[in-house]
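Examination of the molecular architecture
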Amino acid sequence: MVKRSWTQNRDAKAAKMESIASILDGKFVDTKNAKELFEEVIKPGDKVVLEGDNQKQASFLSKTLASVNPERVHDLHMIMSSVSRPEHLDIFETGIAKKLDFSFAGPQSTRISQMIADGTVEVGDIHTYLELYARLYVDLIPNVVLVAADKVDHDGNLYTGANTEETPVIVESAAFKDGIVIVQANEIVDKVPRVDIPGGWVDVVVPADEPYQLEPLFTRDPQNVTELQILMGMMAIRGIYEKHNVQSVNHGVGFNTAAIELLLPTYGEQLGLKGKIVPNWEVNPTPTLIPAIESGWVQTIHSFGGEVGMENYIAHRPDIFFVGKDGTMRSNRAFGQMAGQYALDMFVGSTLQIDQFGNSSTVTNGRLSGFGGAPNMGSNPTGRRHSTPAWQSLRPDNDPLGKGQKLVVQMVETFGSNKKPVFVDHLDAEEVRGEAKLANVPIMIYSEDTTHIVTEEGIAYLYKTDSMAERKAAIEAIAGVTPVGLRSNAKELADLRAKGIVALPEDLGVHRSEAKRSLLAAQNMDDLVKWSDGLYNPPAKFRSWS
Amino acid sequence: MEKLHFNFDTKDAISKPVHVGVVASGDLEVIFRPTDKQTEVNIVTGSDGFKEVWSNVLKRFFDRYPIQANIEINDFGSTPGVVNLRLTQALEELHDEK
C-alpha cells in the first residue's frame, strides 16, 4: 500500500511560491509584474475570492485579473461578496472565469441577469454576506484570495483601518488552509498605524497603481428627505420604537430610516423618549446619525464598514464607535452581520416590492440585485436564546413553550417614485427565478420573518395576525390604492384597527400636519457638518455650491 | 399636462377654505373651498395617463372622509402617497380650526 502524503496542499502552495521567486522580493511583487504573478499562481478551475462588497473594492487586483491570458488562467470559480465593477463580469466573457458564487450585484444587476440567461455566467448560488463567508470555511475554501489594504509594512502586516470590512474573514479562510493571500496596497510604509491583519497570514503584496475604490454608500443628504418619509418616520417612532421599547437596531440604507435618525433629536425629544429607546446600534457610520449622537441619543455603534468623510468625526468620538489606539475606526463585516442577526431587537429596512402575503424582494424584472446583508438582519434567528424586552414583547401569550421574536420592519411608500405600485400580487422575482435558472425565488425577506410593515397609510402589525387571510387583509389595509390595497374596504379596516392589527396615524397620535421638513434635526449637509463641530467632511459629490 | 374632473356625492359640509402644499417637483397644492353644490374635484397634473389612479385615490379619500367641498388640485408629478398626504393634511387643518 502506498502511504499517502498528508501535505499535498502545502507542497502545491510551496511549488507555486517557488515559481514566482524571480519576481518576489520578500513578500513584494512590483506593480508591473502583477499580471505575471497571477498567471503563475492562479490555476485553471481555482476557487478565487475577489474582495469587494458594496463599499470597498480590490479594484487594482480585479483589473489585473481581467488582463491575464485566458489560455493560461481560465474557468475560475469566483467567490465575490459583491459584483460591482465592469471587469467583475468581463472575466466571464473572456473565459477567465466560469462559475460565480456571490451576495450582491447592485451596480451590475441588469448585466448579470442577462449574462446568466445567456449562459455566460454559471451561478453557484446567491447568498447573504454571512453565509458566503461561512462557506469559505466549508465547501468554498479558496485557492487564492485577492484583497485590499490601506497600508502595508515591510513584513507584510496590513492596516485596513476604518474599511477593514470583510478583509479578515477572507484572508483567514486562505491563510490557514494553504491558499495564497495576495494583497494590493495603497501605500507601503515603515510602520503601520496598527496591525489589522498580521503579516504572517500574507503571502504576496503588490503596490497598487491607485488607491482602492471606495463608495460613500450610506451617505444620505437630508435635503432629499420628503414629508412622506417624515410622516412614516413619526409613525414608526411612536408605533414601533416606543411601543416595543426597542433598545438595539439596524437601519437600512434608504431615506426612510435617515428620516428616523433625523427625527430622534426633535420629534423623539418632544415625546420624551430620549434615554428610553435605541441606545445601541449595528449600522455603518451614517452621517445622518450625527445629530442623534451629538444630542445624546446614541450610546454605541458597531459598523460593518466605514463611511467616506466620517473618519475624523469618528476619531473624536471613541466612546461611541469602535476605534483603535491609533484613532481610526475598526469595522468588521462578518462580526457586524453576526451581531445584526443575533444581537439586535430590530431591523428596519426598505424594499422595491412586497407581495400580497408579505414577502419582499429587491429583485425586479431584468435586475438580479442579490441580497447583501439584509436577510441576516431581516430574519428571526431561531437559534437565539437570550431575551430582551422588545424581543419578548412579540411572544405569543397562548403558547407555554413560546418565545420572543426579532422585530423585522419594512418601511415603504405604497408607490415608488416611478409611480409603480410597491405592493403587488406576485413578485417579479418569481419570473426572474426562471430566467436565471435559480433553485428558489430570490426573496429578500420572507413574510414569516416580517413583523411590521409601515407605509404612509399606517402600520400593519403582522406578528399579531393569526392566519394568512388576516395577514393579507392587514397588508391590504395599508397598501393604499395599489391593486393589492384596493381590495381593502372600510369594514375590514375598522375590524383590524379595533384588534390593534392596523394603526393609522390618528390611532398613534401622529398629526400629518406636523410632518414637515422643519421637523428634521438637519436640513442639509451643511447642518450635519455644523452638528459635528466641523469634524464631518462630506465627499465632494455631496457638497453644494451654496 | 392633463386636466381631470371628478364628482362625488358627499355631504359633510366644510366651514372654511384651506390650502396645503406647493406646486414643486413631486409635490402638489390642494385647495378645499366650501360649496353647497355637488362635491367637485378639478385637477391639473403634469403627468398624463394616471386618471384611474387619481380616481382610486379620491374614492378612497371620500370613502373615509365624506366632505362636501369644491377641490382644486395642481400637481407636478406626485405619487399617490403624497396626494393622500396633502388631502389628509388639508382635512386636519379643517379640524384644527374647529
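Parameters at a glance
Residues numbered from 1 in each chain as written. Chains lettered and ligands numbered in written order. Predicted model: local features only at pLDDT ≥ 70, side-chain atom pairs only at ≥ 80, totals over all residues. Helix = DSSP H or I, 4+ residues; strand = E, 2+ residues; numbered from the N terminus. Rg over C-alpha atoms; globule rule 2.2 N^0.38 Å. Buried ≥ 20, exposed ≤ 12 C-beta atoms within 10 Å, placed from the backbone. Contact = placed C-beta atoms within 7 Å. Arc of directions from axis to C-beta. Pairing = 2+ DSSP bridges. Axes fitted to C-alpha atoms, helices over the stretch in contact; angles between N-to-C directions. Parallel < 35°, antiparallel > 145°, perpendicular 65-115°, else oblique. Nonpolar A, V, L, I, M, F, W, Y, C, P; charged D, E, K, R; others polar. Core = buried A, V, L, I, M, F, W, Y, C linked by C-beta atoms within 7 Å. pLDDT = per-residue confidence, 0-100.

This part covers the overall build of chain A. Looking only at helices and strands, chain A has 18 helices and 23 strands in total. Relative to the 2.2 N^0.38 estimate, which gives 24 Å for 546 residues, the radius of gyration of chain A is 25 Å and therefore close to what a compact globule would have. Projected onto its principal axes, the C-alpha positions of chain A cover 80 × 50 × 50 Å. Counting every position in chain A, which comprises 546 residues, the buried fraction comes to 54%. Taking all contacts inside chain A whose residues are at least 6 apart in sequence as the whole, residues at least 24 apart take part in 74%.

The helix and strand inventory of chain B stands at two helices and six strands. Traced from its N-terminal end to its C-terminal end, chain B shows the element sequence β-β-β-β-β-α-β-α. Computed over its C-alpha atoms, the radius of gyration of chain B comes to 12 Å, within 12% of the 13 Å expected for a compact globule of 98 residues. For chain B, the C-alpha atoms occupy an extent of roughly 35 × 25 × 20 Å along the three principal directions. Relative to its 98 residues, chain B shows a buried fraction of 38%.

Residue and element names in this part refer to chain A. Listed in full, the buried residues belonging to helix 4 (residues 86-93) are His 88, Leu 89, Ile 91 and Phe 92. The arc that holds the buried residues of helix 4, viewed along the axis, is 145°, so those residues lie on one side. On its buried face, helix 4 sits against helix 3 (59-66), strand 5 (76-82), strand 6 (97-104) and helix 5 (109-118).

As a general point, the strands of a sheet are linked pairwise by backbone hydrogen bonds and lie either parallel or antiparallel. Residue and element names in this part refer to chain A. Ordered by their spatial adjacency, eight strands build an open sheet running 15-14-13-16-19-21-22-23, and the pairing between neighbours is mixed. Because the sheet does not close on itself, it has two edges, and the strands there are strand 15 (300-302) and strand 23 (502-503). Sheet topology note: the strand 22 (residues 459-461)/strand 23 ladder contains two bridges and is antiparallel. Bridging across to strand 23, Ala 460 finds its partner in Val 502. Across the face of the sheet, helix 12 (residues 333-342) comes into contact with strand 13 (248-251), strand 14 (280-282) and strand 15 while running at roughly 125° to strand 14.

In this section: the packing of helix 8 (residues 227-242) of chain A against helix 2 (residues 80-96) of chain B. Close contact between helix 8 of chain A and helix 2 of chain B brings their axes to 10 Å; oriented N to C, the two are set at 75°. Looking at the two axes, helix 8 of chain A sits roughly perpendicular to helix 2 of chain B. The residues of helix 2 of chain B that touch helix 8 of chain A, namely those facing Glu227(A), Leu228(A) and Leu231(A), are Gly81(B), Val82(B) and Leu85(B). Looking at the contact of helix 8 of chain A with helix 2 of chain B, its residues break down into four nonpolar, one polar and one charged.

A word on the nonpolar core. Residues and elements named next belong to chain A. Ranked by size, the top nonpolar core spans 186 residues in total, and within it Val 145, Leu 146, Ile 182, Val 183, Leu 263 and Ala 460 carry the most contacts. Counting residues per element, this core draws most heavily on helix 8, at 10 residues. For Ile 182, the residues in contact, after removing those within four places along its chain, are Leu 61, Val 144, Val 145, Leu 146, Asp 203, Val 204 and Val 206.

Let us now look at the environment of Glu492(A). All names here are of chain A. Considering the arrangement of structural elements, one finds Glu 492 in helix 17 (residues 490-498). Classification of Glu 492 as partly exposed rests on a count of 16 C-beta atoms within 10 Å. Expressed as a C-alpha distance, the spacing of Glu 492 and Lys 274, which sit 218 residues apart in the sequence, is 36 Å. Excluding residues within four positions of it along the chain, Glu 492 makes contact with Ala 473 and Ala 477.

A few words now on unusual backbone geometry. Residue and element names in this part refer to chain A. Unusually for a residue other than glycine, Asn 245 sits at a positive phi of about 55°. Structurally, Asn 245 can be placed in the loop between helix 8 and strand 13. With a phi angle near 40°, Val 278 is a residue other than glycine that sits in the positive phi range. Considering the arrangement of structural elements, one finds Val 278 in the loop between helix 9 (255-270) and strand 14. You can call Val 278 buried: it has 25 C-beta atoms within 10 Å.

Turning our attention to the environment of Tyr159(A). Residues and elements named next belong to chain A. Structurally, Tyr 159 can be placed in strand 9 (residues 158-159). A residue is classified by how many C-beta atoms lie within 10 Å of it, and Tyr 159, with 24 of them, is buried. Put simply, Tyr 159 and Thr 128 are 31 residues apart on the chain and 26 Å apart in space, counted from C-alpha to C-alpha. Excluding residues within four positions of it along the chain, Tyr 159 makes contact with Ala 149, Asp 150, Lys 151, Val 192, Pro 193, Arg 194 and Asp 196.

All names here are of chain A. Pairing within the open sheet is mixed, and its three strands lie in the order 18-17-20. One side of each edge strand has no neighbouring strand; the edge strands of this open sheet are strand 18 (360-361) and strand 20 (423-424). Alignment of strand 17 (residues 353-355) against strand 20, held across two bridges, turns out to be parallel. Counterpart to Ile 354 in the pairing with strand 20 is Phe 423.

A few words on the confidence of the model for chain B. Residues of chain B with pLDDT of at least 70 account for 98%, and the chain-wide mean is 92. Among the scores for the predicted complex, ipTM is 0.89 and pTM is 0.94.

Between chain B and chain A, the residue contacts involve 16 residues of the former and 16 residues of the latter. Only helix 1 (51-64) and helix 2 of chain B provide two or more residues apiece to the side of chain B that touches chain A. Top contributing element to the side of chain B that touches chain A by residue count: helix 2 of chain B, with nine residues. In terms of residue class, the side of chain B that touches chain A is built from six nonpolar, six polar and four charged.

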